[in-house]
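Tertiary structure, described
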Amino acid sequence: MYSDVNNSSKGQVYIKFKQSFGMENYLNILSRKYMKIMIKFSTTNHRLPVETGRWQGKPLGERFCSLCNNCQIADEFHYILECDTVQNIRKCFLCNYCQRPNVIKFTELMSTHNETILKKICMFIVKIYDAVCPPWYTILFLSMSCLLYTSPSPRDLSTSRR
């Protein structure tokens, strides 16, 4: 099963920090809310461009970050350690990891057993999601607003019939 993850396009992030097949330590540490965030992020169950581009059939090399426009692949590593646009937010949550991003730091973060750091990672991930992919209710609100502005009211309809 571990070899299947190694050969999977979705497993590329997971294998960067997962050394062996087994239960993740954060499952014993985090609350259900934070656990869900970590599971979805580490298994590429999200709407970051690296994943939505895969759904659209885009080659990996064309799934760029739309926030910083540095022609960087918009994957989990990019947002956690590299993206300039979320740098100030990163400093609030992961101050010790802001300089010189590398895979070792990413692995250390994603495999930590420190509850405080795990919670900060989760809070930062939520902020990344808010920046990259607007919450569904924002999209729903905007689409409803368009309908409200473009649809005539019943009163307008009654006056136009006269």
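Below: a short report on this structure. Everything numeric in this text was worked out from a predicted model, so none of it was measured.

1. Let's talk about helix α9 (residues 115-132)
End to end, α9 covers 26 Å across 18 residues, agreeing with the expected 26 Å (1.5 Å per residue, within 8%). Taken as a whole, α9 has its buried residues at Leu118, Ile121, Cys122, Phe124, Ile125, Ile128, Tyr129 and Val132. One side of α9 carries all its buried residues, which in axial view fall inside an arc of 165°. The inward-facing, buried residues of α9 abut α3 (26-29), α4 (32-42), α5 (49-55), α6 (76-82), α7 (87-94) and α8 (103-110). Put simply, asparagine 114 is the residue that caps the front of α9, since its side-chain oxygen is 2.9 Å from the backbone nitrogen of threonine 116.

2. Observations concerning a nonpolar patch on the surface
There is a patch of nonpolar side chains on the surface, built from Leu60, Phe64 and Ile73 and spanning about 240 Å² of accessible area. Looking at the element boundaries, phenylalanine 64 is found in the loop between α5 and α6. What makes phenylalanine 64 partly exposed here is its relative accessible area of 37%.

3. Concerning the side chain of glutamate 76
Within the element layout of this structure, glutamate 76 appears in helix α6. Given a relative accessible area of 1%, glutamate 76 falls into the buried group. At 2.6 Å, the side chain of glutamate 76 and the side chain of histidine 46 are in polar contact.

4. Notes on the packing of aromatic side chains
On inspection of all chains with the given rule, the structure shows three aromatic pairs. Taken together, a centroid distance of 6.5 Å and an interplanar angle of 50° make the contact between phenylalanine 41 and tyrosine 129 tilted. Of this pair, phenylalanine 41 sits in helix α4 while tyrosine 129 sits in helix α9, and the two are 88 residues apart along the sequence. Both residues of the pair, phenylalanine 41 and tyrosine 129, belong to the buried class.

5. Some words on the nonpolar core
Counting residues in hydrophobic clusters, the biggest one holds 33 residues, and the most contacted among them are Leu30, Met38, Leu48, Tyr79, Ile80, Leu94 and Ile125. Sorting the residues of this core by element identifies α4, α6, α7, α8 and α9 as the ones contributing at least two each. Examining the composition of this core, we find that eight residues originate from one element, α9, more than from any other. Apart from the residues lying within four places of it in its own chain, the contact partners of leucine 30 are Met35, Met38, Glu115, Leu118, Lys119 and Cys122.

6. Considering unusual backbone geometry
The backbone of threonine 44 shows a phi angle near 60°, a positive value even though the residue is not glycine. Here threonine 44 lies in the loop between α4 and α5. Threonine 44 sits in the buried class, given a relative accessible area of 5%. For arginine 100, which is not glycine, the phi dihedral falls at a positive 50°. Topologically, arginine 100 is positioned in the loop between α7 and α8.

7. Details of the state of the cysteines
Counted by the stated rule, this structure contains zero disulfides. Of the cysteine sulfurs around cysteine 92, a residue in no disulfide, the closest is that of cysteine 95, at 8.9 Å. The exposed category is assigned to cysteine 92, whose relative accessible area is 60%.

8. A short note on the pattern of salt bridges
A full pass over the atoms with the stated rule returns two salt bridges. The partner of glutamate 115 in a salt bridge is lysine 119, and the shortest N-O contact between them spans 3.3 Å. Here the residue glutamate 115 and the residue lysine 119 both occupy positions in helix α9, the gap between them amounting to four residues, near one helical turn. Take glutamate 115: its relative accessible area is 36%, and that puts it in the partly exposed class.

Parameters and conventions
- Residues numbered from 1 in each chain as written.
- Predicted model: local features only at pLDDT ≥ 70, side-chain atom pairs only at ≥ 80, totals over all residues.
- Heavy atoms only, no water.
- Helix = DSSP H or I, 4+ residues; strand = E, 2+ residues; numbered from the N terminus.
- Expected span 1.5 Å × (residues − 1).
- Buried < 20%, exposed > 50% of the residue type's maximum accessible area, 1.4 Å probe, protein only.
- Arc of directions from axis to C-beta.
- Contact = heavy atoms within 4.5 Å.
- Polar contact = N/O pair within 3.5 Å; in protein donor to acceptor, adjacent residues only side chain to side chain.
- Patch = residues over 30% accessible without salt bridge, like charges linked within 9 Å, V, L, I, M, F, W, Y side chains within 5 Å.
- Areas by Shrake-Rupley, 256 points an atom, 1.4 Å probe, with all protein chains shown as cover.
- Salt bridge = Lys/Arg side-chain N within 4 Å of Asp/Glu carboxyl O.
- Phe/Tyr/Trp six-rings, centres within 6.5 Å; stacked < 30°, edge-to-face > 60°.
- Core = buried A, V, L, I, M, F, W, Y, C linked by side-chain atoms within 4.5 Å.
- Disulfide = S-S within 2.5 Å.

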